[in-house]
Amino acid sequence: MANTDTQNSLTKMISVLDMIEESTAGLTFEQMLDGMKLSRATLYRYIRVLSEAGLIVSLPNFGYTLGPRVAELDLKMRTQDPLIAASVPVMRELARTVPGVVLLCRKYRDKVLCVHQEGSSPAFRSGYERGQDRPLFRGSASRIILAYAEARAVARLYAERSDEFAQAELGNTLEEVKAKLAQIRHAGWDTTTAQITPGVTGIAAPLFDSKGKIAGSLSVTLSATSLKPGDFEQLSERIKLCAGIVSQAISQPPLLGG
């Protein structure tokens, strides 16, 4: 019972951080109190803990916003995340010869987050910036991750958001969705055009950990008119190869002392 209470308390404290994150401006204590089912004393306690950890900070006339610890964690992630470390050399080489932007994405709750990108063409810029989230249903970088999600997770998402599956051309019934995702898995890559940005095509391949679980996606976004039909298949296979190299790298045990 004590463990359950502790877990519920931690979940509620994280929900305070979520509320501040989702706000477009700072939130006052009273605004948070009005928006959450917490007692005044409990909210004070959560804010104190989050403030002392540097995760939130307050300014007079502005309220609470995300704190400097978030920036510190972002730097640590960029330098210490094994997936990013394994992907960067491959992404830079791919970006050097492709007239687009190479993205590394990971699943986060029921969405997908860009955690790193490499760009090669000043004439083309991706609207999918690092740290920006996208829905699981739209864009190849997201759909390739969804294709390898557990069946029960797909069923839950479909029950909650069936209209979004249809809008993303994934199917109008759960059986159609399963068939489409199986088709994507069979190909080993996915492509979409204009699902996120008009005139932009995305091609993505899956990344797997040492247990064969989906770890993220490696993708290229580029102008829909920049590739000839023959180039498309070649680039798709190249992205699959690069994703395989990254998957192999993160499947290896770390060197002692590394």
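**Things to note about the pairing of strand S3 (residues 100-108)**
Point 1. Summarising the sheet, S3 and strand S8 (residues 214-223) pair through 6 bridges and their orientation is antiparallel. Paired with Leu 104 across the bridge in S8 is Leu 218.
Point 2. Of the pairings in the sheet, the one linking S3 to strand S4 (residues 111-119) comprises 8 bridges and is antiparallel in character. Bridge pairing in S4 places Leu 104 opposite His 116.
Point 3. Taking the residues that link successive antiparallel strands as the turn, the S3-S4 hairpin has 2 residues, and the phi of Arg 109 there is positive, at about 55 degrees.

**What about helix H6 (residues 140-147)?**
Point 1. Of all the 8 residues making up H6, 8 are buried; the element is thus mostly covered by neighbouring parts of the structure.
Point 2. All buried positions along H6 are accounted for by Ser 140, Ala 141, Ser 142, Arg 143, Ile 144, Ile 145, Leu 146 and Ala 147.

**Here's the deal with the packing of helix H7 (residues 151-167) against helix H8 (residues 174-187)**
Point 1. Where H7 meets H8, the axes come as close as 10 Å, and the angle between the chain directions of the two elements is 100 degrees. Compared by their axis directions, H7 and H8 come out roughly perpendicular. Residues Val 154, Ala 155, Tyr 158 and Phe 165 of H7 lie in contact with H8, whose contacting residues are Leu 174, Val 177 and Leu 181.
Point 2. Within the contact of H7 with H8, the residues separate by chemical class into 7 nonpolar, no polar and no charged.

**Digging into the nonpolar core**
Point 1. Judged by nonpolar contacts, the single largest core of 24 residues is most densely connected at Leu 94, Val 102, Leu 104, Leu 207, Leu 218, Val 220 and Ile 239.
Point 2. Looking at this core, the elements that each hand over two or more residues are helix H5 (82-97), S3, strand S7 (200-208), S8 and helix H9 (229-251).
Point 3. Looking at this core element by element, the count peaks at 8 residues for H5.
Point 4. Listed in part, the 22 residues of the second largest apolar core include Ala 141, Ile 145, Leu 157 and Leu 181.

**Considerations on unusual backbone geometry**
The phi angle of most residues is negative, glycine excepted, and most peptide bonds adopt the trans form.
Point 1. Here the phi dihedral of Arg 109 falls at roughly 55 degrees; this positive angle occurs in a residue that is not glycine.
Point 2. If you trace the backbone, Arg 109 turns up in the loop between S3 and S4.
Point 3. Residue classification places Arg 109 among the partly exposed residues on the basis of a relative accessible area of 44%.
Point 4. In this structure, Ala 194 takes a positive phi of about 65 degrees despite not being glycine.
Point 5. Classification of Ala 194 by relative accessible area gives partly exposed; the value is 41%.

**A short note on the sheet that holds S8**
Point 1. Here 6 strands make up an open sheet; going across it, the order is S5-S4-S3-S8-S7-S6 and the pairing antiparallel. One side of each edge strand has no neighbouring strand; the edge strands of this open sheet are strand S5 (133-135) and strand S6 (190-193). Averaged over all pairs of adjacent strands, the angle between their axes in this sheet comes to 30 degrees, without regard to strand direction.
Point 2. Examined bridge by bridge, S7 and S8 share 9 bridges and lie antiparallel to one another. Paired with Ile 203 across the two strands is Val 220, which belongs to S8.

**Points about the pairing of strand S2 (residues 63-66)**
Point 1. As judged from the 4 bridges shared by strand S1 (residues 56-59) and S2, these two strands associate in the antiparallel manner. In the sheet register, Leu 59 faces S2, and the bridge partner there is Gly 63.
Point 2. As consecutive antiparallel partners, S1 and S2 are separated by 3 residues, and within that stretch Asn 61 has a phi angle of approximately 75 degrees, a positive value.

**Some words on the state of the cysteines**
Point 1. Tallied over the entire structure, the rule returns 0 disulfides.
Point 2. Not engaged in a disulfide, the cysteine Cys 242 finds its nearest cysteine sulfur in Cys 105; these two sulfurs lie 15 Å apart.
Point 3. Of the residues examined, Cys 242 reaches a relative accessible area of 9% and is grouped as buried.

**Section: the environment of Val 102**
Point 1. The topology assignment puts Val 102 in strand S3.
Point 2. When its relative accessible area of 0% is taken as the criterion, Val 102 is described as buried.
Point 3. Residues Val 102 and Arg 185, spaced 83 residues apart in sequence, show a C-alpha to C-alpha distance of 21 Å.

**Describing the pattern of salt bridges**
Point 1. Going through the model one piece at a time under the given rule, you end up with 15 salt bridges.
Point 2. The closest approach of N and O atoms between Lys 111 and Asp 133, which form a salt bridge, is 3.9 Å. A residue pair is termed long-range when its members are at least 10 positions apart, and Lys 111 in strand S4 and Asp 133 in strand S5 qualify at 22 residues.
Point 3. Overall, the relative accessible area of 37% leaves Asp 133 in the partly exposed class.
Point 4. In this structure, Lys 178 engages Glu 175 in a salt bridge whose closest nitrogen and oxygen atoms are separated by 3.8 Å. Pair noted here: Lys 178 and Glu 175 are both in helix H8, with a separation of 3 residues, about one helical turn.
Point 5. For Glu 175, a relative accessible area of 54% corresponds to the exposed category.
Point 6. Counted as one network, the salt bridges with shared partners bring together Asp 110, Arg 156 and Glu 160.

Quick notes on the rules
- Residues numbered from 1 in each chain as written.
- Predicted model: local features only at pLDDT ≥ 70, side-chain atom pairs only at ≥ 80, totals over all residues.
- Heavy atoms only, no water.
- Pairing = 2+ DSSP bridges.
- Helix = DSSP H or I, 4+ residues; strand = E, 2+ residues; numbered from the N terminus.
- Buried < 20%, exposed > 50% of the residue type's maximum accessible area, 1.4 Å probe, protein only.
- Axes fitted to C-alpha atoms, helices over the stretch in contact; angles between N-to-C directions.
- Parallel < 35°, antiparallel > 145°, perpendicular 65-115°, else oblique.
- Contact = heavy atoms within 4.5 Å.
- Nonpolar A, V, L, I, M, F, W, Y, C, P; charged D, E, K, R; others polar.
- Core = buried A, V, L, I, M, F, W, Y, C linked by side-chain atoms within 4.5 Å.
- Disulfide = S-S within 2.5 Å.
- Salt bridge = Lys/Arg side-chain N within 4 Å of Asp/Glu carboxyl O.

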